[in-house]
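Next come the chains, spelled out residue by residue.
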Amino acid sequence: MLHIVNKSATERSTLDSCLRLATKGSAVLLIEDAVYAATKGSAAAAKIQAAQADLKIYALGPDLAARGMAGRVLDGVNVVDYGGFVDLVAEHSNCQSWL
Amino acid sequence: MQFGILINEGPYNHQASDSAYLFARTAIEKGHKVPRVFFYHDGVNNSTNKSEPPQDDRNVTQRWSKLAEEHGIDLVVCVAAALRRGIKDDILAPGFRISGLGQLVEMGIQYDRLVTFGD
Amino acid sequence: MSDMDMDDGSGVVKKFMFLNRKAPHGTVYALEGLEVVLITAAFDQDVSLVFTDDGVYQLMKGMDTKGIEVKDFSKTYRALEGYDIEKLYVDSTSLKARGLTEEDLIVDVTVLSDDEMKNLMAEQDVVISF
């Protein structure tokens, strides 16, 4: 399953809920304001790093770049463009947007 | 592959409609199909031809109309949500039509994936 | 076939999950989300309704919306059975985090652990979150 998170982890609990309920081996794509969680020194960085043991974490490059965060991405987070976003949706049998 | 897209927020206030547009355009460029986009909640506000953003800003509604015309996308606005918010047939931008929630359910049944963009 | 039945002609039955994560009244998502649930049931799909995070507040007993002059749609949850929507699930972690128990809720639900929630979600064809 592909989980899509779009809210800042320091504003809402969306990322926490997603990480709590995502099955091992599933993918999490951070888009829009959720991309801040995937950056070095952010309050959510430790959560993302811990989650990498069981989940594949992706972040949308254009959203990182738009926020001045492109150079601060945590090691092990896969940065994808919109083409990669489309591929992730196609590759997984279902997807869930954590609104 | 066929993708259905659900948009739950209006233009400009949220990034949802922008993200959905870029996703849809890219999916089509990659050879997938986006037969329908469904607009719900405040997402119905994407459909009005009354929107006039400043010259240096993107025109969210016109962008959807153009993509729909070029690729035959059915832009469906939920009737109940639209009427609540004052959206009627006579102010719809090209390519948009008002219909029922059944059109959303059909996307889930008939297409390979349903991707939601919202708040 | 009742008058409510709709058919897209494909005969396909998919597993639809509606994931309710937001409290009622503060925003319109709970109310308009419920409208989608009712329509989906009319298409004879396999519908699960899940309440997690602040979504569990949608099911509180004893809501009285007169003072805020908005529609009290909480009774609709009790009518869901009449639409053959019988799979109502509540996330145990979210309930506990809000000091609530099943007794506080307006309808009978199945309370799920994190692992049960994970498995239920993973087996769905379509997940719509409101």
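The structure displayed is predicted, hence computed values, not measured ones. (Residues numbered from 1 in each chain as written. Chains lettered and ligands numbered in written order. Predicted model: local features only at pLDDT ≥ 70, side-chain atom pairs only at ≥ 80, totals over all residues. Heavy atoms only, no water.)

### Considerations on the interface of chain A and chain B
Stage number 1. Residue-level contacts link 21 residues of chain A with 19 residues of chain B.
Stage number 2. Across the interface of chain A and chain B, roughly 1,600 Å² is buried in total on both sides, 58% from carbon and sulfur atoms.
Stage number 3. For chain A, the biggest contributors to the area lost against chain B are Tyr82, Val86 and Leu99 of chain A; these three give 35% of the whole.
Stage number 4. Applying the counting criterion to the chain A and chain B interface returns 3 salt bridges.
Stage number 5. Between Asp119 of chain B and Lys7 of chain A there is a salt bridge, with the nearest N and O atoms lying 3.1 Å from each other.
Stage number 6. Sort the elements by how many residues they give to the side of chain A that touches chain B and helix α4 (residues 82-91) of chain A lands first, with 7 residues.
Stage number 7. For the side of chain A that touches chain B, the class distribution of residues is 9 nonpolar, 6 polar and 6 charged. (Contact = heavy atoms within 4.5 Å. Buried area = accessible area lost by both parts, 1.4 Å probe. Salt bridge = Lys/Arg side-chain N within 4 Å of Asp/Glu carboxyl O. Helix = DSSP H or I, 4+ residues; strand = E, 2+ residues; numbered from the N terminus. Nonpolar A, V, L, I, M, F, W, Y, C, P; charged D, E, K, R; others polar.)

### Some details on the environment of Gly67 of chain C
Residue and element names in this part refer to chain C.
Stage number 1. Its place among the elements puts Gly67 in the loop between β2 (46-51) and α2 (74-79).
Stage number 2. A relative accessible area of 74% places Gly67 in the exposed class.
Stage number 3. Here the alpha-carbon distance between Gly67 and Tyr57, two residues 10 residues apart in the chain, equals 18 Å. (Buried < 20%, exposed > 50% of the residue type's maximum accessible area, 1.4 Å probe, protein only.)

### Regarding the environment of Thr40 of chain C
All names here are of chain C.
Stage number 1. Inspection of the secondary structure puts Thr40 in helix α1 (residues 29-42).
Stage number 2. Taking relative accessible area as the criterion, Thr40 reaches 0% and is therefore assigned buried.
Stage number 3. Spatially, the C-alpha atom of Thr40 lies 9.8 Å from that of Tyr83, the residues being 43 residues apart in sequence.

### What to know about the pairing of strand β5 (residues 113-117) of chain B
All names here are of chain B.
Stage number 1. Counted residue by residue, β5 has 5 buried out of 5 residues, so it is predominantly covered.
Stage number 2. Side chains of β5 alternate between two faces, with Arg113, Val115 and Phe117 and Leu114 and Thr116 buried alike.
Stage number 3. Pairing analysis gives 5 bridges linking strand β1 (residues 2-7) to β5, with the strands arranged parallel. Within β5, the position partnered with Leu6 by the bridge is Thr116. (Pairing = 2+ DSSP bridges.)

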